[in-house]
Amino acid sequence: MRRRTIGIVGGTFDPPHVGHLALARSARDALGLDEVRLMPTGQSWQKASTGASSAQRLAMVRLALQGLDPAERLLVDDREALQDGPTYTVDTLTGMRAAFGPDAAIVLVLGSDQLHNLPTWSRWQTLFELAHLAVTQRERVSLQGLPEAVEAEVSRRGADALPDAPAGGIVFFRMPAVAVSATALRAQLARGERPDGLSPPAVLDYIDSHRLYRRP
Ligand code: ATP
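Novice: Tell me about the overall build of the protein chain, residues and numbers included.
Specialist: When you go through the protein chain residue by residue, the secondary structure sums to eight helices and seven strands. Principal axes of the C-alpha set define a box for the protein chain whose edges measure 50 × 40 × 35 Å. Looking at the 216 residues of the protein chain, the share that counts as buried comes to 48%. Nonlocal contacts in the protein chain, meaning residues at least 24 apart in sequence, comprise 76% of its contacts between residues at least 6 apart. Working note: accessible area of the protein chain is about 10500 Å², and carbon and sulfur atoms make up 50% of it.

The following block contains the structure:
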């Protein structure tokens, strides 16, 4: 029987934008994933203060996916957002492994900025026992000059295609550059602009009606 392959795009999604959707779709198509879950963090431990609460970020991710054809196989995973206090990816993946079983391939999908950050994640080397990493180049963030410990894992685990295993590989895939970040969107919104086309209309309506990201 074919192994189930589940992609996870974790992030703050503060707010969600078309770059996140493009990342999820590109990973799905490039790696042949059965589904991709967008998983907003709970209270963020790396980003000191986010603009929106975890409940609001979760609501916006739901709206970003609302109305998509189910054949797209893009889903929301609310397990971190609904948890109190900081969450660590390695703990979340441990829970997923228990839920999805030992044979499923779990694929953590990351932009290259996150690969540079990896050594700041709690118990990051344990991630490879639980999941694969799938990394794409993010605009202006090169895959060169990685921290030495990350480079060593890439040499050991790097592969051109997803290995037929539940976890342990690092695979790179290409996607067309999408020049958008949540930071840039928040700046636009703070100026009172509506960044049409950079985030789904339902998300922009939610931001508007909840008066998020505005300057006080
Ligand atoms: P911020 O600007 O607040 O740091 P962000 O736009 O980078 O936010 P995150 O929620 O931190 O969004 O990102 C979640 C994941 O999506 C990360 O792996 C990140 O690399 C990736 N990502 C975000 N924007 C893009 C984009 N435009 N293209 C490809 N990947 C992206």
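Novice: Summarise helix 1 (residues 18-31); cite the residues concerned and give the values.
Specialist: In this model, helix 1 (14 residues) spans 20 Å end to end at C-alpha, consistent with the 20 Å of a helix rising 1.5 Å per residue. In terms of burial, helix 1 is a largely internal element, 10 of the 14 residues being buried. Here helix 1 has its buried residues at G19, H20, L21, A22, L23, A24, S26, A27, R28 and L31. G32 sits one or two residues past helix 1 and shows a positive phi near 65 degrees.

Novice: Provide a residue-level description of the packing of aromatic side chains, including the pertinent values.
Specialist: Throughout the structure, instances matching the rule amount to one aromatic pair. Judged by centre distance (6.4 Å) and plane angle (75 degrees), the ring pair of W124 and F128 falls under edge-to-face. The same class applies to W124 and to F128, which are both buried.

Novice: Tell me what's going on with unusual backbone geometry, and back it up with residues and numbers.
Specialist: The linkage connecting D14 with the following residue, P15, adopts the cis geometry, with an omega of 0 degrees. Not every positive phi belongs to a glycine, and R73 is a case in point at roughly 60 degrees. The residue R73 is located in the loop between helix 2 (54-65) and strand 3 (74-76) in this model. Unusually for a residue other than glycine, Y213 sits at a positive phi of about 65 degrees.

Novice: Tell me what's going on with the pairing of strand 2 (residues 35-40), and back it up with residues and numbers.
Specialist: In terms of residue burial, strand 2 counts as a mostly covered element, since six of its six residues are buried. Here strand 2 shows two buried faces, one formed by E35, R37 and M39 and the other by V36, L38 and P40. Note that strand 1 (residues 5-11) and strand 2 share six bridges and pair parallel. Bridge pairing in strand 2 places I6 opposite E35. Taken together, strand 1, helix 1 and strand 2 constitute a β-α-β crossover, and its handedness is right-handed.

Novice: A description of the sheet that holds strand 7 (residues 170-173) should follow, citing residues and the corresponding values.
Specialist: Within the open sheet, the seven strands sit side by side as 3-2-1-4-5-7-6. Their pairing is parallel. Edge positions in the sheet fall to strand 3 and strand 6 (158-159), since each of these pairs with one other strand and no more. The sheet contacts of helix 2 involve strand 1, strand 2 and strand 3, and relative to strand 3 the element is tilted by about 160 degrees.

Novice: Give me the environment of L33: which residues, what numbers.
Specialist: Structurally, the position occupied by L33 is in the loop between helix 1 and strand 2. Here the alpha-carbon distance between L33 and P201, two residues 168 residues apart in the chain, equals 27 Å. The contact partners of L33, leaving out residues within four places of it in the chain, are T5, G7, A27, R28, R73, V107 and L162.

Novice: Tell me what's going on with the pattern of salt bridges, and back it up with residues and numbers.
Specialist: Pairing between side chains of opposite charge can happen when the charged atoms of each approach one another. Under the criterion given, the structure shown has 17 salt bridges. Here E72 makes a salt bridge to R25, at a shortest N to O gap of 2.9 Å. With E72 in the loop between helix 2 and strand 3 and R25 in helix 1, the pair connects residues that are 47 residues apart, well separated along the chain. Exposure remark for E72: the relative accessible area of 19% places this residue in the buried category. By relative accessible area, R25 is classed as partly exposed at 27%.

The rules behind each value
- Residues numbered from 1 in each chain as written.
- Predicted model: local features only at pLDDT ≥ 70, side-chain atom pairs only at ≥ 80, totals over all residues.
- Heavy atoms only, no water.
- Helix = DSSP H or I, 4+ residues; strand = E, 2+ residues; numbered from the N terminus.
- Buried < 20%, exposed > 50% of the residue type's maximum accessible area, 1.4 Å probe, protein only.
- Contact = heavy atoms within 4.5 Å.
- Areas by Shrake-Rupley, 256 points an atom, 1.4 Å probe, with all protein chains shown as cover.
- Expected span 1.5 Å × (residues − 1).
- Phe/Tyr/Trp six-rings, centres within 6.5 Å; stacked < 30°, edge-to-face > 60°.
- Pairing = 2+ DSSP bridges.
- Right-handed = clockwise from strand over helix to strand, strands pointing away.
- Axes fitted to C-alpha atoms, helices over the stretch in contact; angles between N-to-C directions.
- Salt bridge = Lys/Arg side-chain N within 4 Å of Asp/Glu carboxyl O.

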